[in-house]
Amino acid sequence: MIDEILKFNKQFVADKGYEKYITTKYPDKKIAILSCMDTRLTELLPAALGIKNGDVKMIKNAGGIISHPFGSVIRSLLVAIYELGVTEVMVIAHSDCGACHMSSEQMIEHMKARGIHQETIDMIRFCGVDFESWLYGFGDTEKSVRETVSAILNHPLIPHDIRVSGYIIDSVTGELTPVE
């Protein structure tokens, strides 16, 4: 599959397919969106929100959550706010999310089935990684959105003038439902 992607890329550049995507690193709409990496949202989310290349800073991960207060999501938000002029943050989860009810125990079993040794898992645990909290998903999508919004609003490095709001997007229709 990677070879096919690389072949397409060569032709894309040769045909100057990039020209319609040229923009700056600064988001035109001054918004950062934290959302899930789900493949159904790749084109649906921007289409449903009416955003195009250059409009927003898009941050994606499994579940659209903040798993660590000083991890890559908060780091990305800090860069977006302090370096790129973002003034609003949208947290957008989605219906039928794979991270909902994700089990750390099941994930560890999948790791072992793919050749990761129990000794490696034990050593990582010994080094302080809590697999149960790190790999756990969430049980309630609305609650997850509220917790993520709260984590951003109450973060000591996020300025108080940043507007943060939460939503759930329907994975099929693209309808946004606000989460209070």
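One can find the structure itself at the top, above this paragraph.
These remarks concern the structure in this document. Note that the structure is a prediction, hence the values are computed from the model and not measured.

How each quantity is defined
Residues numbered from 1 in each chain as written. Predicted model: local features only at pLDDT ≥ 70, side-chain atom pairs only at ≥ 80, totals over all residues. Heavy atoms only, no water. Phe/Tyr/Trp six-rings, centres within 6.5 Å; stacked < 30°, edge-to-face > 60°. Helix = DSSP H or I, 4+ residues; strand = E, 2+ residues; numbered from the N terminus. Buried < 20%, exposed > 50% of the residue type's maximum accessible area, 1.4 Å probe, protein only. Expected span 1.5 Å × (residues − 1). Core = buried A, V, L, I, M, F, W, Y, C linked by side-chain atoms within 4.5 Å. Contact = heavy atoms within 4.5 Å. Pairing = 2+ DSSP bridges. Axes fitted to C-alpha atoms, helices over the stretch in contact; angles between N-to-C directions. Salt bridge = Lys/Arg side-chain N within 4 Å of Asp/Glu carboxyl O.

Centre-to-centre distance and the angle between the planes together describe a pair of aromatic rings. Summed over all chains, the structure comprises three aromatic pairs. For the ring pair F8 and F12, a centre distance of 6.3 Å and an interplane angle of 25° mean the geometry is stacked. Here F8 pairs with F12, and both are found in helix α1 (residues 2-14), just four residues apart, close to one helical turn. Since its relative accessible area comes to 57%, F8 is described here as exposed. When its relative accessible area of 26% is taken as the criterion, F12 is described as partly exposed. Aromatic pair F12 and Y21: ring centres 6.4 Å apart, planes at 35°, arrangement tilted.

Okay, α1 next. Helix length check: α1 (13 residues) gives 18 Å between terminal C-alpha atoms against 18 Å at 1.5 Å per residue, within 8%. Counting buried residues in α1 gives zero out of 13 residues, a small share hidden from the surface. Downstream of α1 by one or two residues, K16 has phi in the positive range, about 55°.

Another point: unusual backbone geometry. Across the chain, the bulk of peptide bonds are trans and the bulk of non-glycine residues have phi less than zero. The backbone of K30 sits at a positive phi, close to 55°, despite the residue not being glycine. With respect to the helices and strands, the residue K30 is situated in the loop between α1 and β1 (31-36). Although it is not a glycine, D96 sits at a positive phi angle of roughly 55°. On the secondary structure map, D96 appears in the loop between β3 (88-94) and α4 (104-113).

The next subject is the nonpolar core. Counting 22 residues, the largest nonpolar core has L77, V89, V145, I152, I158 and V164 as its most contacted members. Those elements giving two or more residues to this core turn out to be β1, α3 (72-82), β3, α7 (141-153) and β4 (163-169). Here this core takes six residues from α3, the largest share from any one element. Excluding residues within four positions of it along the chain, L77 makes contact with A32, I59, V89, I152 and I158.

Moving on, we come to the sheet that holds β3. With respect to topology, five strands assemble into an open sheet ordered β2-β1-β3-β4-β5, the strand pairing being mixed. Each edge of the open sheet is held by one strand with a lone partner, namely β2 (56-61) and β5 (176-179). Averaged over all pairs of adjacent strands, the angle between strand axes in this sheet comes to 25°, irrespective of strand direction. Seen against the sheet, helix α2 (residues 41-49) touches β1, β2, β3, β4 and β5 and runs at an angle of roughly 140° to β1.

Looking now at the pattern of salt bridges. In this structure the tally under the stated criterion is eight salt bridges. Between D55 and K52 there is a salt bridge whose closest N-O contact spans 3.3 Å. Looking at D55, the relative accessible area reads 4%, which means it is buried. Among the ionic pairs, E147 bridges to K143, the shortest N-O distance being 3.8 Å. Of this pair, E147 and K143 both sit in helix α7, four residues apart, which is roughly one turn of the helix. Judged by relative accessible area, which is 45%, K143 ranks as partly exposed. What emerges from the salt-bridge pattern is a single network uniting D38, R40 and D96.

Further remarks concern the pairing of β4. Among the seven residues that make up β4, six are buried, leaving the element largely enclosed by the rest of the structure. Alignment of β3 against β4, held across seven bridges, turns out to be parallel. Residue pairing in the sheet places H94 in a bridge with I169 of β4. Two strands pair when backbone bridges link them, and β4 and β5 are joined in this way by four bridges, in the antiparallel orientation. Bridged to G166 within β5 is V179. Joining the antiparallel neighbours β4 and β5 is a turn of six residues, in which G174 adopts a positive phi near 85°.

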